Amino acid sequence: MGDLVELHVTRWKRYGHDRLYANLPDGTSVGWADVRTGDITVLRAECRDDVIAVLTKHLQSLTEPVSPDRAPEAQARPMLPPLTPADDLAVNLPGKSLRDLLDESGPGLMERVVSRLLRRPSEWNSWRKGLAGERRVGAELSRLGRHGWHVLHSIPLANKVDIDHLLIGPGGVFSINTKHHHKRAVWVGDDSVKVDHGKPAPYARKSRAEAKRVVQVLERYCDFPVPVEPVLVFVGVTELKVVATQLSVRVYQERQVAALAPLSGVLTADQVEQVYSVARHRRAWAQA
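Per-chain numbering applies: the sequence of each chain, read as written, is numbered from 1 onward. Whole-chain, interface and lining totals are the exception, using all residues; otherwise, since this is a predicted model, local features are given only for residues with pLDDT of at least 70 and side-chain atom pairs are given and counted only at 80 or more. With hydrogens and water stripped out, all remaining heavy atoms of the structure feed into the side-chain values.

Asker: Help me get a handle on the overall build of the protein, residues and values and all.
Answerer: Under the scheme used here, helices are H or I runs from DSSP no shorter than 4 residues and strands are E runs no shorter than 2 residues, and both carry numbers assigned from the N terminus. A tally of helices and strands in the protein yields six helices and twelve strands. Under the scheme applied here, a residue whose accessible area is under 20% of the maximum for its type counts as buried, over 50% as exposed, and between as partly exposed, the area being computed with a 1.4 Å probe on protein chains only. Here the protein, with 288 residues, has 43% of them falling under the buried criterion. The accessible surface values rely on the Shrake-Rupley method and a 1.4 Å probe; as for residues, cover is taken only from the protein chains in view. With an accessible surface of roughly 15,400 Å², the protein has 51% of that area assigned to carbon and sulfur atoms.

Asker: Please give an account of the side chain of Arg19 that cites residues and values.
Answerer: Within the secondary structure, Arg19 is located in strand 2 (residues 17-23). Only four residue types enter the charge count, namely Lys and Arg as positive and Asp and Glu as negative; His and the chain termini do not. The salt bridge definition used is simple: a Lys or Arg side-chain nitrogen within 4 Å of an Asp or Glu carboxyl oxygen. Within the buried core, Arg19 has no salt-bridge partner, and the shortest N-O distance to an opposite charge, that of Asp223, equals 4.3 Å. Only heavy atoms matter for contacts: two residues are in contact if any of them lie within 4.5 Å across the pair. What Arg19 contacts, discounting residues up to four positions off in sequence, is Thr10, Arg11, Trp12, Trp32, Ala33, Val35, Asp223 and Gln271.

Asker: Which residues make up the confidence of the model for the protein, and what values go with them?
Answerer: It should be kept in mind that the predicted coordinates are not to be read in detail where pLDDT is low. Summary of the metric used: pLDDT quantifies the predictor's per-residue confidence within the range 0 to 100. Overall, the predicted model of the protein reaches an average pLDDT of 83, with 85% of residues at or above 70. In this model, residues 1-5 is a region of pLDDT below 50 whose contacts with residues beyond four sequence positions or in other chains number ten contacts. Across residues 64-75, confidence stays below pLDDT 50; counting only partners more than four residues off in sequence or on other chains, it has 18 contacts.

Asker: Give me the lowdown on the sheet that holds strand 8 (residues 185-188), citing residues and values where you can.
Answerer: Taken together, three strands build an open sheet; the order of strands is 9-8-11 and the sheet is mixed. Of all strands in the sheet, those with a lone pairing partner are strand 9 (193-195) and strand 11 (239-242), marking the two edges. On average, each strand axis in the sheet is tilted by 15° relative to the strand beside it, whichever way the strands run. A pair of strands counts as paired when DSSP detects no fewer than two bridges linking them. Summarising the sheet, strand 8 and strand 11 pair through four bridges and their orientation is parallel. In the sheet register, Trp187 faces strand 11, and the bridge partner there is Lys241. For helices, the fitted axis covers only the stretch in contact; all axes are lines through C-alpha atoms, and the angles between them, taken along N-to-C directions, range from 0 to 180 degrees.

Asker: Please set out the pattern of salt bridges residue by residue, giving values where relevant.
Answerer: Throughout the structure, instances matching the rule amount to eight salt bridges. The partner of Glu254 in a salt bridge is Arg136, and the shortest N-O contact between them spans 2.5 Å. A residue pair is termed long-range when its members are at least 10 positions apart, and Glu254 in the loop between strand 12 (250-253) and helix 6 (269-279) and Arg136 in helix 4 (residues 123-142) qualify at 118 residues. The exposure class assigned to Arg136 is partly exposed, which follows from its relative accessible area of 37%. For Arg143, the salt bridge goes to Glu140, with nearest N and O atoms at 3.5 Å. Salt bridges sharing partners connect three or more residues here, namely Glu140, Arg143 and Arg255.

And the structure:
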C-alpha cells in the first residue's frame, strides 16, 4: 500500500461485536480491529503495515492506548500471499477439472469408435456426463450473482479430487456436488441415494464430509464461524423423490437451485467478501 489516506476506517457493531474495518477506496476490506480487545486482523498481507498503523491510530482514539509491540502479533491466524492470476480460482469454468482430465487422459478417435461399436461403457463417458452436468448447474448458479452471491467452480483439493461448485453469499456457504443421471429416477433417503432402484450410493455422506473440509479451510483464515451446508444437485433425472426425514443435505434438481437466492442473515456483506477472498485463492485449498 502507499499512503495511509488510501484506507478508510468504518465502525461496525452487530451480533455482540464492535469492530473497526480498514477498507480500500472501492470498499474491499483489508483488515479489522476488535475494539474491545485491540486485536488486529490483517486480511491482505501486502497491506499489513498500513492496516496496523491506521487501525492502531483509530483504536487509540477510542480506547486505552494499544501497545505498539502487541498490535503486529495480535492475530496468529495464517495469511495468504497476494492473489495472483495463476492462483485465482474465480476464472475456473464449470467442469474445469473434468475437462482437463479428458484433455490429458481421454480416449483417441479409435478408442471412441470401438467403445461406441461395442456399446461398452467407459470411464470417459462418465467424465463427459459429469462435465455436462456441472456446466448445466454452473449456468443456473450464475443467475444468483444479481442477488449478492459469488460462485466458484472446480476447486481443487488434495488427492486429486475437487469441489464441483462453491456458493458464497448472505445466506452462508454451500458446497455443491453435481450428479448427472440422465433419464434416471433418483430416490433419496436419510443416508443413501438409489438410482433406478439400484444399490445405495453414499452421496449424502460424501457431501457432508466435503462440507466439513470446506469449513476447516475457510475458518483457518477467517476469525468468525463460517457455516457450510452440503448440497446435492441432480441433473437430467426423470424423477427425484426425497423421503428423508433427518437428511442434513439439501437436495435439488438443477433448476431448483434458484431457491437459494433469497436466503440471507447468515453472513454480513463484509464477511461474504472475506470468505470469497479466501475461497478463490488456490493456496488456501492446497492441504485440504
